[in-house]
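Below are the chains, spelled out letter by letter.
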Amino acid sequence: MTVTLIWLIAFALILTLVIKGWDGGLGKFFERNMPAAFKSSREDRWIWGIALAVLGATFIVKPISMLMTLLLLALIVWVVSKLVRWGLSKAH
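Residues numbered from 1 in each chain as written. Predicted model: local features only at pLDDT ≥ 70, side-chain atom pairs only at ≥ 80, totals over all residues. Heavy atoms only, no water.

### Describing the packing of helix α2 (residues 44-61) against helix α3 (residues 63-91)
Put simply, the rule reads: Axis angles are defined between N-to-C directions and span 0 to 180 degrees, where every axis is a line fitted to C-alpha atoms and, for a helix, only to the segment in contact. Secondary structure is summarised from DSSP: a helix means a run of H or I of at least four residues, a strand means a run of E of at least two, and numbering begins at the N terminus for each. For this classification, under 35 degrees means roughly parallel, over 145 means roughly antiparallel, 65 to 115 means roughly perpendicular, and everything else is oblique. Whether two residues are in contact is decided by their heavy atoms, any of which lying within 4.5 Å being enough. As a working rule, the residues Ala, Val, Leu, Ile, Met, Phe, Trp, Tyr, Cys and Pro are called nonpolar, Asp, Glu, Lys and Arg charged, and the rest polar, with Gly in that last group.
Running from N to C, α2 and α3 point in directions that differ by 120°, and their axes come no closer than 5 Å. For the element pair α2 / α3, the angle class is oblique. Between α2, through Leu 55, Thr 58, Phe 59, Ile 60 and Val 61, and α3, the contact on the second element is made entirely by Pro 63, Met 66 and Leu 67. Residue composition of the contact of α2 with α3, by class: seven nonpolar, one polar and no charged.

Written as structure tokens, this is what we have:
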């Protein structure tokens, strides 16, 4: 119960900070770095705000699990990219 309460408080705090900071540097960062296919409207701040709040709150509550997940995802992306490069070199 305590972990859930801490997660909910962290989620609300991070979401509030993201929504308030969207008109500043955070929104400009997403404007510059996101591909056009991911940009839908001005209401992107709610989608990205919730996503960042979930990730941030989970990282606060379970940091080791998040780091292991990120490392595992990075390893999978690396292996897949190597396999695609190898496959493309064999196709030509």
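### Observations regarding the packing of aromatic side chains
Worth spelling out the cut-off: For Phe, Tyr and Trp, rings pair up if their centres lie within 6.5 Å, where Trp contributes its six-membered ring, and each pair is then called stacked (planes under 30 degrees apart), edge-to-face (over 60) or tilted (otherwise).
Taken as a whole and judged by the stated rule, the model has one aromatic pair. A centroid spacing of 5.3 Å and a plane angle of 10° characterise the contact between Trp 7 and Phe 11, whose relative ring orientation is stacked. Here Phe 11 and Trp 7 lie together in helix α1 (residues 2-33), a separation of four residues that amounts to about one turn.

### What about the nonpolar core?
Which entries qualify depends on this criterion: Joining through side-chain atoms within 4.5 Å is the link that ties buried Ala, Val, Leu, Ile, Met, Phe, Trp, Tyr and Cys residues into a set, and such a set is a nonpolar core. The cut-offs for exposure are 20% and 50% of the maximum accessible area for each residue type, with area from a 1.4 Å probe on protein chains only; residues under the lower value are buried, those over the upper are exposed, and the others partly exposed.
The biggest cluster of nonpolar side chains holds 11 residues, and these are Ala 10, Phe 11, Ile 14, Leu 15, Val 18, Ile 19, Trp 22, Phe 30, Met 34, Ala 53 and Ala 57. Here this core takes eight residues from α1, the largest share from any one element. The contact partners of Phe 11, leaving out residues within four places of it in the chain, are Ile 50, Ala 53, Val 54 and Ala 57.

### Description of the packing of α1 against α2
Applicable threshold: Should the near helix be turned anticlockwise from the far one by less than a right angle, the crossing is left-handed, and should it be turned clockwise, the crossing is right-handed.
Packing of α1 against α2 brings their axes to within 7 Å, and their N-to-C directions diverge by 135°. If you check the angle between α1 and α2, you find them oblique. For the element pair α1 and α2, the recorded crossing hand is right-handed. In terms of residue class, the contact of α1 with α2 is built from 20 nonpolar, three polar and three charged.

### Notes on the environment of Glu 31
You can see Glu 31 is positioned in helix α1. Separated by 13 residues in sequence, Glu 31 and Asp 44 place their C-alpha atoms 10.0 Å apart.

### Quick look at the confidence of the model for the chain
To keep things clear, this is the line we draw: For every residue, the predictor states its confidence as a pLDDT score lying anywhere from 0 to 100.
On average, the chain scores 87 in pLDDT, and the residues at 70 or more come to 95%. Element-level pLDDT for the chain is lowest in α1, with a mean of 88, against a maximum mean of 92 in α3.

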